[in-house]
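The residues making up each chain are set out below.
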Amino acid sequence: MNKNEKFVITINRELGSGGRTVGEKLAAQLGVSFYDKALIKGLCEKYHLTVDEVERLKGQKNNWWSDFKRVVSIGEAFNRERYYKVEVGSEPELITTDELFREEKNILEGIAEQESCVLAGRCGFFIFRKHPNHLSILIQAPKEQRIQRVMRKQGITHEKAEKIIDTVYKMRENYVNKYTGTSRHDTRNYDLTISMDGMTEDDAVAVIMEYINRQG
């Protein structure tokens with residue numbers, strides 16, 4: 001990946017691994033925007049962005065996404081803590097329809113056309129697999145480490161945190177398999193795989209930046 005040209009970095013991550021925070025910190029260090037699937041889905045729902053509507057906006061002017069961000073104050077529009085608000089037995093943030101997937105995909109592709117960015121999401125590695133300047137990253141962590149992080153974030157018991165992680169794992173794996181025909185844990189889908197075992201988010205960002213700088 002060449003950071004001196006327009007690029008897209010996609011981060012796939014296990015719940016509780018800290019991968020979303022890594023993505024935010026990486027984007028800040030690179031001086032680009034960070035987007036996640038919860039935000040994109042929220043945009044679709046709040047602003048009724050259908051595939052046709054996005055295409056209409058893109059056809060109006062080249063800087064449609066910059067204008068859209070300014071109008072809706074995208075940086076403050078959504079509470080990112082909803083990422084952890086997944087209850088066992090519910091499927092609020094993880095189930096989608098084929099149409100919603102197409103809408104999200106269309107918006108993600110539109111963002112990447114307009115600016116360099118870091119995207120955290122379940123299928124970004126697949127959506128941008130043919131992008132000429134794409135870096136695909138997988139962030140993992142030992143299960144107990146992930147359980148402890150979810151416990152701290154939600155203020156819940158070890159048992160409940162483990163159930164949430166197991167539920168999300170199955171749902172995300174099914175989602176990725178449905179829309180990509182592959183497993184999100186297949187390392188062949190990524191340029192860089194990082195284990196957070198014994199690492200901080202800043203450590204992970206440093207590893208990624210070193211990799212990027214070596215690439216040019």
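Refer to the preceding data block for the structure.
Presented here is a report on the structure given in the accompanying data block. Numbers given for residues are sequential positions, taken from 1 along each chain in its written order. Under the rules for a predicted model, residues below a pLDDT of 70 receive no local features and side-chain atom pairs below 80 are neither given nor counted, while totals for whole chains, interfaces and linings still include all residues. In computing side-chain properties, one takes all heavy atoms of the structure into account and sets aside hydrogens as well as water.

Moving on, we get to helix α9 (residues 201-215). Helix and strand definitions follow DSSP, with helices as H or I runs of at least four residues and strands as E runs of at least two, each counted in order from the N terminus. Working rule for helices: expected span equals 1.5 Å times residues minus one. Between its first and last C-alpha, α9 extends 21 Å over 15 residues, near the 21 Å set by a 1.5 Å rise per residue. Among the residues of α9, those classed as buried are Glu 201, Ala 204, Val 205, Ile 208, Met 209 and Ile 212. One face of α9 carries all of its buried residues, which in axial projection span an arc of 135°. Contacts were defined at the residue level, with two residues in contact if any of their heavy atoms lie within 4.5 Å. Where α9 is buried, its residues meet β1 (8-13), α1 (19-30), β4 (134-140), α7 (143-154) and β5 (192-195). For each residue, the accessible area found with a 1.4 Å probe, counting protein chains only, is set against the maximum for its type, and the residue is called buried under 20%, exposed over 50%, and partly exposed in between. Note: the arc covers the axis-to-C-beta directions of the helix.

Looking now at the sheet that holds β1. One bridge is not enough; two strands pair if DSSP finds at least two bridges between them. If you trace the five strands from one edge of the open sheet to the other, you get β2-β3-β1-β4-β5, paired in parallel fashion. Strands with a single pairing partner mark the edges of an open sheet, and in this sheet they are β2 (33-36) and β5. Each strand of the sheet is rotated relative to its neighbour by a mean of 20°, with strand direction disregarded. Pairing between β1 and strand β3 (residues 117-120): four bridges, direction parallel. Bridging from a neighbouring strand, Thr 10 pairs with Leu 119 of β3. Structural elements are reduced to axes, namely lines fitted to C-alpha atoms, with helices fitted over the stretch in contact, and the angle between N-to-C directions of any two is expressed from 0 to 180 degrees. Relative to β5, α9 is tilted by about 160°, and along the sheet it contacts β1, β4 and β5.

Further remarks concern the packing of aromatic side chains. Ring geometry is summarised as follows: Phe, Tyr and Trp rings, the Trp one being its six-membered ring, pair when their centres sit within 6.5 Å, and such pairs are stacked at plane angles under 30 degrees, edge-to-face over 60 and tilted between the two. Under the counting rule described, the total for this entry stands at two aromatic pairs. Between Phe 125 and Tyr 190, the aromatic rings sit 5.4 Å apart at their centres with planes inclined by 50°, giving tilted as the arrangement. Pair noted here: Phe 125 is in helix α6 (residues 124-127) and Tyr 190 is in the loop between α8 (158-180) and β5, with a separation of 65 residues, a long-range link. Ring geometry for Tyr 175 and Tyr 179: centres 5.1 Å apart, planes at 55°, overall tilted. Here Tyr 175 pairs with Tyr 179, and both are found in helix α8, just four residues apart, close to one helical turn. In this structure, Tyr 175 and Tyr 179 share a single accessibility class: buried.

Nonpolar cores are built from buried Ala, Val, Leu, Ile, Met, Phe, Trp, Tyr and Cys residues. Side-chain atoms within 4.5 Å join them into one set. Counting residues in each nonpolar core, the largest one holds 24 residues, and the members touching the most others are Ile 9, Leu 26, Leu 30, Val 118, Ile 137, Ile 208 and Ile 212. Listed by contribution, the elements that provide at least two residues to this core are β1, α1, β3, β4, β5 and α9. Per element, the largest residue contribution to this core is five residues, and it comes from α9. Non-local contacts of Leu 26, meaning those with residues more than four positions away in its chain, are made with Ile 9, Ile 11, Val 118, Val 205, Ile 208 and Met 209.

To continue, consider α7. Taking 1.5 Å as the rise per residue, α7 with 12 residues should run 16 Å; its terminal C-alpha atoms sit 16 Å apart, in good agreement. Buried within α7 are the following residues: Arg 146, Ile 147, Arg 149, Val 150 and Gln 154. One face of α7 carries all of its buried residues, which in axial projection span an arc of 165°. Against the buried residues of α7 lie α1, α8 and α9. Of the residues flanking the end of α7, it is Gly 155, one or two places downstream, whose phi is positive at about 65°.

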